[in-house]
Amino acid sequence: MELRQLQYAVQIALERNFSRAAEKLHIAQPSLSQQLSKLEREIGVLLFQRSTNSVELTHAGSIFVDKAQAILDSLEQLKQEMEDISQMKKGKLVVGSMPITGSTIMPYVLPVFQAAYPDIEVVLVEETSANLEKLTTSGQTDISLLSLPLQEDSLVYSHLLEEEIVIAFPPSHPLAKRHMENGEPVTISELESEAFIALKKGQGFRKINVALCQEAGFTPNIVFESSNMETVQSLVAAGMGIAFVPYLIAKRTRSELSPIHLPLRNHPSRTLVIAHRRGRYLSKAADAFIETIQAVMKEQGSFE
């Protein structure tokens with residue numbers, strides 16, 4: 001059994017497709033299929049069920065891939081630890097981020113980190129919070145930007161910031177006009193009859209949105225969904241509904257098709273954290289990135 005065969009099996013499990021896995025691994029698809037067949041013959045079990053349209057893990061395959069991922073992760077941690085011991089400045093850091101968080105925070109953080117550590121390669125992985133927690137737990141990201149609450153018990157985190165949540169209205173909405181006239185903040189209970197536009201399921205911010213409405217005594221009527229917060233805001237501006245928006249997104253929105261952002265009474269917020277798996281060795285590069293992002297957060301008073 002070869003190390004590359006473990007890598008191949010893990011990548012096939014991630015992609016559920018031989019062509020995509022071969023592309024990510026930079027090898028020819030026939031070679032990938034041959035190596036997998038060789039591995040299956042050696043260990044005496046079938047790892048994947050192949051059909052014309054899909055590739056699915058068998059029960060044995062699920063166990064094998066979990067163990068293979070743990071082995072690969074342990075090797076990567078060992079490599080990082082040895083590089084730190086030898087005082088090597090070169091390295092690779094895989095940082096996970098939710099898309100809306102990455103688009104608002106990373107443009108401030110990455111240039112600062114790159115200037116301080118030019119020889120460290122940073123790979124940014126943007127995923128939904130649910131997928132990102134799994135990637136962080138399995139060691140496929142070194143550290144990840146997430147929002148509380150976390151679902152994976154194996155993750156530990158450092159606090160980054162409390163980000164206020166505001167509400168976006170079409171410019172002509174009565175509540176927007178009321179606020180403009182007398183400055184009265186909006187209460188979430190006032191939104192019960194409204195049509196909501198939200199991020200798709202699996203994204204942490206959507207869960208927070210639903211929880212805010214449920215705490216106010218109702219379930220939001222979500223009429224449109226998008227994986228992109230900018231699309232959500234454009235639909236609001238076009239009069240299709242209203243939406244909760246993180247403050248950092250609202251703060252930077254400046255376009256012809258922009259909604260009106262108003263504060264909510266009691267100023268609800270979400271807690272952003274930087275997380276990693278409990279017990280995982282954090283390289284000096286990871287420690288440096290955490291220190292950098294915390295310093296940038298402190299310097300940028302607009303983040304608070």
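Quick notes on the rules
Residues numbered from 1 in each chain as written. Predicted model: local features only at pLDDT ≥ 70, side-chain atom pairs only at ≥ 80, totals over all residues. Heavy atoms only, no water. Helix = DSSP H or I, 4+ residues; strand = E, 2+ residues; numbered from the N terminus. Buried < 20%, exposed > 50% of the residue type's maximum accessible area, 1.4 Å probe, protein only. Contact = heavy atoms within 4.5 Å. Areas by Shrake-Rupley, 256 points an atom, 1.4 Å probe, with all protein chains shown as cover. Lys, Arg positive; Asp, Glu negative; His and termini not counted. Charge placed at Lys NZ, Arg CZ, Asp CG, Glu CD. Core = buried A, V, L, I, M, F, W, Y, C linked by side-chain atoms within 4.5 Å. Axes fitted to C-alpha atoms, helices over the stretch in contact; angles between N-to-C directions. Parallel < 35°, antiparallel > 145°, perpendicular 65-115°, else oblique. Left-handed = near helix turned anticlockwise from the far one by under 90°. Nonpolar A, V, L, I, M, F, W, Y, C, P; charged D, E, K, R; others polar. 1 Å grid on protein atoms, 1.4 Å probe; cavity = no way out; pocket = protein on both sides within 12 Å on 5 of 7 lines; lining within 4 Å. Points joined across faces, edges and corners; volume = space filled by probe spheres on them.

J.: In this structure, what is going on with the overall build of the chain? I would like to understand it.
T.: Broken down by element type, the chain carries 11 helices and 11 strands. Reported as C-alpha extents along the three principal axes, the dimensions of the chain are approximately 75 × 50 × 35 Å. When burial is assessed residue by residue, the chain has 45% of its 304 residues classed as buried. Taking all contacts inside the chain whose residues are at least 6 apart in sequence as the whole, residues at least 24 apart take part in 72%. In the form shown here, the chain has an accessible surface area of approximately 15,400 Å², with 51% of it arising from carbon and sulfur atoms. Averaging the coordinates of the 29 positive side-chain charges in the chain and doing the same for the 36 negative ones gives two points 4 Å apart.

J.: I tried to follow the nonpolar core on my own but got confused; where do I start?
T.: Burial of nonpolar side chains together is a common tendency in soluble globular proteins. Formed by 31 residues in total, the largest nonpolar core has its most connected members in I105, I143, I274, F289, I293 and M297. Within the residue set of this core, elements represented by two or more residues are β3 (91–97), α5 (99–116), α6 (129–137), β5 (143–147), β6 (155–169), β11 (269–277) and α11 (284–299). Per-element accounting of this core gives the leading share, 8 residues, to α11. Non-local contacts of I274, meaning those with residues more than four positions away in its chain, are made with I143, S144, L145, V156, Y157, S158, L160, F289, I290 and I293. If you look at the next biggest cluster of nonpolar residues, it comprises 30 residues, including A176, L191, I208 and I242.

J.: Got a minute to help me understand the packing of helix α1 (residues 3–15) against helix α2 (residues 18–25) in this structure?
T.: For any two helices packed against each other, one specifies the crossing angle of their axes together with the interaxial distance. Packing of α1 against α2 leaves a shortest axis separation of 8 Å and a crossing angle of 130°. Accordingly, the angle class assigned to the pair α1 and α2 is oblique. Between α1 and α2 the crossing geometry is right-handed. Here Q7, Y8, Q11, I12 and E15 of α1 come into contact with α2, specifically with F18, R20, A21, K24 and L25. Residues of the contact of α1 with α2, tallied by class, amount to 5 nonpolar, 2 polar and 3 charged.

J.: What is the right way to look at empty space enclosed by the protein in this model?
T.: Rolling a probe over the atoms, with the probe sized like a water molecule, indicates the empty space that remains. One pass over the structure, following the stated rule, counts 2 cavities of 30 Å³ or more. Its volume calculated, the largest cavity comes out at about 50 Å³. Secondary structure elements with two or more residues in the lining of the largest cavity: β7 (195–199), α8 (204–215) and β9 (243–246). Looking at the lining of the largest cavity residue by residue, the classes come out as 9 nonpolar, 1 polar and no charged.

J.: Just to check I follow, could you spell out the environment of V223 for this structure?
T.: Relative to the helices and strands, V223 resides in strand β8 (residues 221–226). Taking the C-alpha atoms as reference points, V223 and M240, 17 residues apart in sequence, are found 8.5 Å from one another. Leave out the neighbours within four places in its chain, and V223 touches A195, F196 and M240.

J.: I'm lost on the environment of P99 in this one. Help?
T.: Counting through the fold element by element, P99 comes out in helix α5. On the basis of relative accessible area, P99 is assigned to the partly exposed category, the value being 28%. Along the sequence, P99 and A238 sit 139 residues apart, while their C-alpha atoms lie 23 Å from each other. In contact with P99, other than residues within four places in its own chain, are E126 and E127.

J.: Mind showing me how you'd approach unusual backbone geometry here?
T.: Residues other than glycine predominantly adopt negative phi, and peptide bonds predominantly adopt the trans conformation. For the peptide bond that leads from L148 to P149, omega is 0°, which places it in the cis range. With respect to the helices and strands, P149 occurs in the loop between β5 and β6. Its identity as a non-glycine residue notwithstanding, R16 has a phi of 55°, on the positive side. Within the secondary structure, R16 is located in the loop between α1 and α2. Residue R16 is classed as partly exposed on the basis of its relative accessible area, which comes to 34%. The phi dihedral of H26 falls on the positive side, at around 60°, and the residue is not glycine.

Functional significance is not addressed by these values, which are geometric in nature.
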